[in-house]
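Chain by chain, the residues:
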Amino acid sequence: MRELEITEIVNKYALPELRRSTDGGSYYFPSFEHRVDSVSSVTLYSLIRYYKSSRCLEIGTWFGGLTRMIMSALLKGKRSFQFVASELVTDLQISTLRNCLQECGASPTMVGDITNCSLKSLPSNIELLIIDTSHDESTTAFIVKNIFRRLRQGALVVIHDWAVKEIDGEWLPKEGSWPETQYLIDLHNKGKLPLEKLYWNFVEQGGPEMGFFIYKPL
């Protein structure tokens, strides 16, 4: 998608929906710690609404800032949905559930370490996958091998800390990029990555770093 198309989608969904009803102020950020920038958060919300995602898996929640944004979009869609979130740290699991329930009135089903949980506890035919792990190679390899096969064709795949530019068809990461990033780029270069670029918002260090993809099985 071009940036203009993304802007149109954000204008359609996020701008009229993400507002506090009492004072009209911004509702983009939760009241607790949130490590994802507002541009990425709002774009994710809008694309969930646009694609009408209903079977969702989030891997890595921190305190639940992005979880709350996902839940808000799912609830606004007024459709039945399944939302499972995976978080490695027990205290963060608890915080995610509490924060999301407090701000949305609902929480996802929480599981622990994605590499160690029963895959039967996850949605099948996943329509939305959000990846925000420790960005190590082994976890990334596990997700590609075991989670991607549970995705529905055309699913929206979102990767946080995706600091990559595409120049003349080549994917170029920023200096000092994560092992996760290089692993996925290497798969892409070999023609073995079943992800098609939808929209990336990385421009410079210190700014948004979110990659949005469409899953297309090889």
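For clarity, every value in this text was computed on a predicted model and none was experimentally measured. (Residues numbered from 1 in each chain as written. Predicted model: local features only at pLDDT ≥ 70, side-chain atom pairs only at ≥ 80, totals over all residues. Heavy atoms only, no water.)

1. Examining empty space enclosed by the protein
Phase 1: Scanning the model with the defined rule gives two cavities of 30 Å³ or more in all.
Phase 2: Counted as a void, the largest cavity has a volume near 60 Å³.
Phase 3: If you trace the largest cavity, you find 13 residues lining it, with Arg35, Thr61, Trp62, Gly65 and Leu66 closest to the centre.
Phase 4: Its residues assigned to classes, the lining of the largest cavity shows four nonpolar, five polar and four charged.
Phase 5: Taken together, Ile131, Thr140, Ile143, Val144, Phe148, Ile159, Glu180 and Leu184 make up the full set of residues lining the second largest cavity.
Phase 6: Sorting the residues of the lining of the second largest cavity by element identifies helix H5 (137-147) and helix H6 (179-189) as the ones contributing at least two each.
Phase 7: At three residues, H5 tops the list of elements feeding residues into the lining of the second largest cavity.
Phase 8: Of the residues belonging to the lining of the second largest cavity, the class tally is six nonpolar, one polar and one charged. (1 Å grid on protein atoms, 1.4 Å probe; cavity = no way out; pocket = protein on both sides within 12 Å on 5 of 7 lines; lining within 4 Å. Points joined across faces, edges and corners; volume = space filled by probe spheres on them. Nonpolar A, V, L, I, M, F, W, Y, C, P; charged D, E, K, R; others polar. Helix = DSSP H or I, 4+ residues; strand = E, 2+ residues; numbered from the N terminus.)

2. Considerations on the confidence of the model for the protein
Phase 1: Here the protein averages 92 in pLDDT, and 94% of its residues register 70 or above.
Phase 2: Within the model, pLDDT remains below 50 along residues 20-25, and this stretch shows six contacts once partners closer than five positions in the same chain are excluded. (pLDDT = per-residue confidence, 0-100. Contact = heavy atoms within 4.5 Å.)

3. Details of the nonpolar core
Phase 1: Leu44, Ile70, Leu128, Leu156, Val158 and Phe212 are the most contacted members of the largest nonpolar core, which totals 34 residues.
Phase 2: For Leu44, the residues in contact, after removing those within four places along its chain, are Leu66, Ile70, Leu128, Ile130, Val158 and Phe212.
Phase 3: Grouped together as the second largest cluster of nonpolar side chains are 29 residues, Leu129, Phe148, Ala155 and Trp200 included. (Core = buried A, V, L, I, M, F, W, Y, C linked by side-chain atoms within 4.5 Å. Buried < 20%, exposed > 50% of the residue type's maximum accessible area, 1.4 Å probe, protein only.)

4. Focus: unusual backbone geometry
Phase 1: Residue Asp161 is not a glycine yet carries a positive backbone phi of 60°.
Phase 2: Tracing the chain through its elements places Asp161 in the loop between strand E5 (151-160) and strand E6 (164-167).
Phase 3: On the basis of relative accessibility, which here comes to 17%, the residue Asp161 falls in the buried class.
Phase 4: In this model, Asp168 sits at a positive phi of 50°, which is unusual for a non-glycine residue.
Phase 5: Mapped onto the fold, Asp168 is located in the loop between E6 and strand E7 (170-173).
Phase 6: Asp168 gets classed as exposed once you look at its relative accessible area, which sits at 82%.

5. Some points on the pattern of salt bridges
Phase 1: Counting across every chain of the model gives nine salt bridges.
Phase 2: The shortest N-O distance in the salt bridge between Arg2 and Glu5 comes to 3.7 Å.
Phase 3: For Arg2, a relative accessible area of 58% translates into the label exposed.
Phase 4: The partner of Lys197 in a salt bridge is Glu166, and the shortest N-O contact between them spans 3.2 Å. Of the two residues, Lys197 sits in strand E8 (residues 195-200) while Glu166 sits in strand E6, which places them 31 residues apart along the sequence.
Phase 5: Since its relative accessible area comes to 33%, Lys197 is described here as partly exposed.
Phase 6: Taking the relative accessible area as the measure of exposure, Glu166 reaches 37% and is therefore partly exposed.
Phase 7: Through salt bridges with shared partners, a single ionic network connects Arg55, Glu127 and Arg152. (Salt bridge = Lys/Arg side-chain N within 4 Å of Asp/Glu carboxyl O.)

6. Structural notes on the packing of aromatic side chains
Phase 1: For the structure on display, the rule yields 10 aromatic pairs.
Phase 2: With a centroid separation of 5.8 Å and an interplanar angle of 55°, the aromatic rings of Trp200 and Phe213 are classed as tilted. Of this pair, Trp200 sits in strand E8 while Phe213 sits in strand E9 (residues 210-215), and the two are 13 residues apart along the sequence. The pair formed by Trp200 and Phe213 is uniform in burial state, with each residue classed as buried. (Phe/Tyr/Trp six-rings, centres within 6.5 Å; stacked < 30°, edge-to-face > 60°.)

7. Here's the deal with the pairing of strand E4 (residues 126-131)
Phase 1: With respect to burial, E4 is a largely interior element, six of its six residues being buried.
Phase 2: Here strand E1 (residues 55-59) runs beside E4; their pairing, made up of four bridges, is parallel. Bridge pairing links Ile59 to Ile131 in E4.
Phase 3: Sheet topology places E4 next to E5; five bridges connect them, and they run parallel. If you follow Ile130 over to E5, its bridge partner there is Val158.
Phase 4: Running through H5, the crossover from E4 to the neighbouring parallel element E5 is right-handed. (Pairing = 2+ DSSP bridges. Right-handed = clockwise from strand over helix to strand, strands pointing away.)

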